[in-house]
Amino acid sequence: MKYRTVFDIIGPVMIGPSSSHTAGAARIGRVARSLFGREPKWASISFYGSFAKTYKGHGTDIAIVGGLLDFDTFDERIKTSLQIAKEQGIKVTFFEEDAITDHPNTARVIIGDDQGQLELVGISIGGGKIEIIELNGFKLKISGNHPAILVVHNDRFGAIAAVANVLAKHAINIGHMDVSRKEKGQLALMTIEVDQNINPLVLDELKTLPNILQVTKITE
């Protein structure tokens, strides 16, 4: 079930004509920015399905760039996000893709700078709700509606249990957890949505665990 309350159906306070094409797109961009951890220097954004056909008229382009600039769905600056990005030296390129995807409102966002890049695929499921379904080649499922921890780790026995034990010690309740791996015994990704904000000290503790390579959080 995608919606928890009537307010999820009505949608968020937002800039733009469509919760799916505008608010959802802004949230996809903002999650990408949160995971990247800093302002990117360039962005390559591919739209699929309905997004590809209507993104200019529905403001999907300005919304997703607004998210990359860390603007919330109701931020008035979204209206001029393309100009703001240009003024800040961020090169943005849009692509209209013909490939058929599982969901009509799909966007692939690749952002980067001199230090590295991040690739993310998100879908807008209606009412401003989103799901992140791919991150740097890993399949996953993040709603973006709850604080989340992403843990890149070696696919080894005990890694998942060690992370869960740390969260239990700090009384952090897990709402949803998923593990994705590209190959057995290689790199894997834990996606953990939790019920409360995460203290940075908890993240530091997770980083010290054996076989843990990277720990990132997403805030609401």
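Scroll up for the structure.
Residues numbered from 1 in each chain as written. Predicted model: local features only at pLDDT ≥ 70, side-chain atom pairs only at ≥ 80, totals over all residues. Heavy atoms only, no water.

Engineer: Whenever I open this one, the overall build of the protein confuses me. Can you help?
Structural biologist: The helix and strand inventory of the protein stands at 7 helices and 10 strands. Expected size for 220 residues packed as a compact globule is a radius of gyration near 17 Å; at 17 Å, the protein falls within 12% of this value. Here the C-alpha coordinates of the protein stretch approximately 50 × 40 × 35 Å along the principal axes. Looking at the protein alone, contacts between residues at least 24 apart form 68% of all its contacts between residues at least 6 apart. When the accessible area of the protein is evaluated, it comes to approximately 11100 Å², of which 52% is carbon and sulfur surface. (Helix = DSSP H or I, 4+ residues; strand = E, 2+ residues; numbered from the N terminus. Rg over C-alpha atoms; globule rule 2.2 N^0.38 Å. Contact = heavy atoms within 4.5 Å. Areas by Shrake-Rupley, 256 points an atom, 1.4 Å probe, with all protein chains shown as cover.)

Engineer: Mind showing me how you'd approach the sheet that holds strand 7 (residues 148-154) here?
Structural biologist: Paired through backbone hydrogen bonds, the strands of a sheet run either parallel or antiparallel to each other. Taken in spatial order, the 4 strands make up an open sheet running 8-9-7-10, and their pairing is antiparallel. Among the strands making up the open sheet, the edge pair consists of strand 8 (174-181) and strand 10 (212-218). Averaged over all pairs of adjacent strands, the angle between strand axes in this sheet comes to 15°, irrespective of strand direction. In terms of strand pairing, strand 7 meets strand 9 (residues 187-194) through 7 bridges, oriented antiparallel. Bridge pairing links Val 151 to Met 190 in strand 9. (Pairing = 2+ DSSP bridges. Axes fitted to C-alpha atoms, helices over the stretch in contact; angles between N-to-C directions.)

Engineer: Just checking my understanding: could you explain the packing of helix 6 (residues 159-169) against helix 7 (residues 200-207) for this structure?
Structural biologist: Pairs of packed helices are described in terms of their axes, by the angle between the two and the distance that separates them. Close contact between helix 6 and helix 7 brings their axes to 10 Å; oriented N to C, the two are set at 155°. For the element pair helix 6 / helix 7, the angle class is roughly antiparallel. Helix-helix and strand crossings are classified by hand; for helix 6 and helix 7 the assignment is right-handed. For the pair helix 6 and helix 7, the contacting residues are Val 163, Val 166, Leu 167 and Lys 169 in the first and Val 202, Glu 205 and Leu 206 in the second. Per-class residue counts for the contact of helix 6 with helix 7 are 5 nonpolar, no polar and 2 charged. (Parallel < 35°, antiparallel > 145°, perpendicular 65-115°, else oblique. Left-handed = near helix turned anticlockwise from the far one by under 90°. Nonpolar A, V, L, I, M, F, W, Y, C, P; charged D, E, K, R; others polar.)

Engineer: I keep staring at the packing of aromatic side chains and nothing clicks. Help me out?
Structural biologist: By convention here, two paired aromatic rings are described through the distance between centres and the angle between planes. Under the definition given, this model contains 4 aromatic pairs. On the numbers, 4.8 Å between centres and 35° between planes, the contact of Phe 47 with Tyr 55 is tilted. The buried category is assigned to Tyr 55, whose relative accessible area is 6%. Taken together, the ring pairs in this structure connect Phe 47, Phe 51, Tyr 55 and Phe 94 into an aromatic cluster. Here the guanidinium or amino end of Arg 38 rests over the ring plane of Phe 36, the centre of that ring lying 4.1 Å away. Directly above the aromatic system of Phe 138 lies the positively charged group of Lys 182, at a separation of 4.7 Å from the ring centroid. (Phe/Tyr/Trp six-rings, centres within 6.5 Å; stacked < 30°, edge-to-face > 60°. Buried < 20%, exposed > 50% of the residue type's maximum accessible area, 1.4 Å probe, protein only. Lys NZ or Arg CZ within 6 Å of the ring centre and 35° of its normal.)

Engineer: Explain unusual backbone geometry here, please?
Structural biologist: Generally, phi is negative for residues other than glycine and the peptide bonds are trans, each holding for most cases. The phi dihedral of Asp 70 falls on the positive side, at around 75°, and the residue is not glycine. If you trace the backbone, Asp 70 turns up in the loop between helix 4 (60-68) and helix 5 (81-87). Note on Asp 70: relative accessible area 38%, which makes it partly exposed. Of note in this structure, Asn 211 is not a glycine but carries a positive phi near 70°.

Engineer: What is the right way to look at helix 4 in this model?
Structural biologist: Structurally, the α-helix is built with 3.6 residues per turn, so residues lying three or four positions apart point the same way. In terms of burial, helix 4 is largely enclosed, as 8 of its 9 residues are buried. The complete set of buried residues in helix 4 reads Thr 60, Asp 61, Ala 63, Ile 64, Val 65, Gly 66, Gly 67 and Leu 68.

Engineer: What exactly am I supposed to notice about the sheet that holds strand 3 (residues 105-113) here?
Structural biologist: If you trace the 6 strands from one edge of the open sheet to the other, you get 2-1-3-4-5-6, paired in mixed fashion. Each edge of the open sheet carries a strand with a single partner, namely strand 2 (91-96) and strand 6 (138-142). Within this sheet the neighbouring strands show an average axis-to-axis angle of 20°, counted without direction. Of the strand pairs in this sheet, strand 4 (residues 116-126) and strand 5 (residues 129-135) are connected by 6 bridges, and their pairing is antiparallel. Bridge pairing in strand 5 places Val 121 opposite Glu 134. Relative to the sheet, helix 4 contacts strand 1 (42-48), strand 2 and strand 3, its axis offset from that of strand 1 by approximately 140°.

Engineer: Looking at this model, I keep getting lost on the environment of Pro 104. Mind explaining?
Structural biologist: With respect to the element layout, Pro 104 can be found in the loop between strand 2 and strand 3. Owing to a relative accessible area of 44%, Pro 104 belongs among the partly exposed residues under this scheme. In sequence terms Pro 104 and Ile 125 are 21 residues apart; their C-alpha atoms lie 9.0 Å from each other. Those residues in contact with Pro 104, other than ones at most four positions away along the chain, are Tyr 48, Gly 49, Ser 50 and Phe 51.

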